[in-house]
Amino acid sequence: VIHKASGVYDLLRVAWAIDEAEKVLNRRLVQQDGTVIHCKAKVTRLNKYSLIMVVRDITERFRRFEAEKEVVSLVTARKKDTEANQFTRHEVKNGVLAAIGIYDGI
């Protein structure tokens, strides 16, 4: 889960509030120019007064994941449309064949 956009200060504030020995945080950080970057921060608590935090920029990974989700959504929609069209053509064809059979019988 990626939380709302914030700054590095907010990320540090959240990290200091963590009581666990290790925790991974996913955050959107806003740069000074307004650019939003997606980050994953691994926080390791050393003791009451110190911690280590490693922050990685995962923006490209996030964009790739969102693009893959969009492709899967489009492929699924196209497949559903294709199946619906095949069913419709089959029903129309059966109706036409039935009408021809009735016409031939007259």
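Higher on the page you've got the structure.
Treat the numbers as computed from the prediction; the structure is a model and nothing was measured.

Regarding the pattern of salt bridges
Enumeration according to the criterion identifies five salt bridges in this entry. Between Arg 13 and Asp 10 there is a salt bridge, with the nearest N and O atoms lying 3.6 Å from each other. One end of the pair is Arg 13 and the other is Asp 10, both in helix 1 (residues 8-16) and three residues apart, which spans about a single turn. In this structure Arg 13 comes out as partly exposed when scored by relative accessible area, which is 47%. A salt bridge links Glu 22 to Lys 42; its shortest N-O distance comes to 3.9 Å. With Glu 22 in strand 2 (residues 22-30) and Lys 42 in strand 3 (residues 36-47), this pair connects stretches of sequence that are 20 residues apart. When its relative accessible area of 46% is taken as the criterion, Glu 22 is described as partly exposed.

Some remarks on the pairing of strand 4 (residues 50-57)
Bridge count between strand 3 and strand 4: eight bridges; the pairing is antiparallel. For Ala 41, the partnering residue across the bridge sits in strand 4 and is Val 55. Linking strand 3 to strand 4, which pair antiparallel, is a turn of two residues.

Details of a positive patch on the surface
A cluster of like positive charges, contributed by Lys 40, Arg 56, Arg 61 and Arg 64, occupies part of the molecular surface. Locating Lys 40 in the fold gives a position in strand 3.

Remarks on the nonpolar core
Counting ten residues, the largest nonpolar core consists of Leu 11, Ala 15, Ile 18, Leu 25, Leu 29, Ile 37, Cys 39, Ala 41, Val 43 and Leu 51. Top contributing element to this core by residue count: strand 3, with four residues. Val 43 has contacts with Ala 15, Ile 18, Ala 21, Glu 22, Lys 23, Leu 25, Leu 51, Ile 52 and Met 53, leaving out every residue within four places of it along the chain.

Reading guide: rules and limits
- Residue numbers restart at each chain and count upward from 1, following the sequence in its written direction.
- With the structure being a predicted model, the display of local features is reserved for residues of pLDDT at least 70 and the display and counting of side-chain atom pairs for 80 or more, all residues being used for whole-chain, interface and lining totals.
- Side-chain metrics rest on all non-hydrogen atoms present in the structure, leaving aside hydrogens and water.
- By definition, a salt bridge exists where a carboxyl oxygen of Asp or Glu is found within 4 Å of a side-chain nitrogen of Lys or Arg.
- Elements are defined by DSSP. Helices are runs of H or I of four residues or more, strands are runs of E of two residues or more, and each kind is numbered from the N terminus.
- Each residue's exposure class comes from its accessible area (1.4 Å probe, protein chains only) as a fraction of the maximum for that residue type: buried when under 20%, exposed when over 50%, partly exposed otherwise.
- Two strands are said to pair when DSSP picks up at least two bridges between them.
- Like-charged residues are merged into a patch within 9 Å and nonpolar side chains (Val, Leu, Ile, Met, Phe, Trp, Tyr) within 5 Å, provided each residue has over 30% relative accessible area and no salt bridge.
- To measure how exposed things are, a 1.4 Å probe is used in the Shrake-Rupley method; for residues, cover is taken only from the protein chains shown.
- Positive charge is attributed to Lys and Arg, negative charge to Asp and Glu, and no charge count is given to His or to the chain ends.
- To locate a charge, take NZ of a lysine, CZ of an arginine, CG of an aspartate or CD of a glutamate.
- As used in this record, nonpolar core signifies buried Ala, Val, Leu, Ile, Met, Phe, Trp, Tyr and Cys residues forming a set joined through side-chain atoms within 4.5 Å.
- The contact criterion used is simple: two residues touch if any of their non-hydrogen atoms lie within 4.5 Å.

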